Amino acid sequence: MGQVVVSIAGKSFRLACEDGDEERLAGLANTFDGTVDELRSSFGEIGDTRLAVMAGLMMTDRVGEAEEKIELLTGQVHKLTEALNTAASSQPLDPEAVRARLDGVAARLEALVGARENG
């Protein structure tokens, strides 16, 4: 079991974590401490407990917003995947029809180039 000492609101806390998660936990504590400092600069000294609760609520709100965005993006990915699967399962292209269409486009391009050169 790993351990890390973090500082939040000027106080040190020794926290246990899974081995290898020490750096991640220290980063989370640093982010939380930054939120506490942000609130302290906005509201002054209103008590450590109140600051911690407010910081927790702010971060919970941020997580909620992120979850909503993830849900929205997941829905969009699902729709795009369905559209891609529908397009992939549609009738395959007829090579002769594609060739004929490309020949028609090439003929029109040659006519446009010829007209431009002669015009």
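Preceding this section is the structure that the text describes.
Because the structure is a prediction, the values reported are computed rather than measured.

## A look at the side chain of Arg40
(1) Moving on: Turning to its location among the elements, Arg40 is positioned in helix H1 (residues 22-43).
(2) Moving on: Here the side chain of Arg40 touches Glu45 through a polar contact of 2.8 Å, side chain to side chain.
(3) Moving on: A polar atom in the side chain of Arg40 sits 3.2 Å from the side chain of Asp48.
(4) Moving on: Discounting chain neighbours no more than four positions away, the residues touching Arg40 are Ala9, Glu45, Asp48 and Leu51.

## Looking at the pairing of strand S2 (residues 11-17)
(1) Moving on: Judged from the 7 bridges that link them, strand S1 (residues 2-8) and S2 form a sheet pairing that is antiparallel. Across the sheet, the residue bridging to Gln3 is Ala16, located in S2.

## Section: H1
Note on helix geometry: an α-helix contains 3.6 residues per turn, so any two residues three or four positions apart are oriented the same way.
(1) Moving on: The end-to-end C-alpha distance of H1 is 31 Å, a good match for the 32 Å that 22 residues give at a rise of 1.5 Å each.
(2) Moving on: Of all the positions in H1, only Ala29, Phe32, Asp33, Thr35, Val36, Leu39 and Arg40 are classed as buried. End-on, the buried residues of H1 take up no more than an arc of 155 degrees, which puts them together on one face. Facing away from the buried side of H1 by over 90 degrees, the exposed positions are Glu23, Arg24, Asn30, Ser41 and Ser42.
(3) Moving on: In the core, the buried residues of H1 are packed alongside S1 and helix H2 (48-89).
(4) Moving on: Gly44 sits one or two residues past H1 and shows a positive phi near 80 degrees.

Procedures and definitions
- Here the residue index of a chain counts from 1 through its sequence in written order.
- Confidence filtering applies because this is a predicted model: local features only for residues at pLDDT of at least 70, side-chain atom pairs given and counted only at 80 or more, and all residues used for totals across whole chains, interfaces and linings.
- Excluded from the side-chain calculation are hydrogens and water; included are all heavy atoms of the structure.
- Helix and strand definitions here come from DSSP, where helices need a minimum of 4 consecutive H or I residues and strands a minimum of 2 consecutive E residues; each element is numbered from the N-terminal end.
- What qualifies as a polar contact is a pair of N or O atoms within 3.5 Å, subject to a donor-acceptor requirement within protein and to the restriction that residues adjacent in sequence count only when both atoms come from side chains.
- Residues are treated as being in contact if the distance between any of their heavy atoms lies within 4.5 Å.
- At least two bridges found by DSSP between two strands is the condition for calling them paired.
- One less than the number of residues in a helix, times 1.5 Å, gives the span that helix is expected to have.
- When a residue's accessible area, from a 1.4 Å probe over protein chains only, is under 20% of the maximum for its type it is buried; when over 50% it is exposed; and in between it is partly exposed.
- The arc in question is formed by the directions pointing from the helix axis toward the C-beta atoms.

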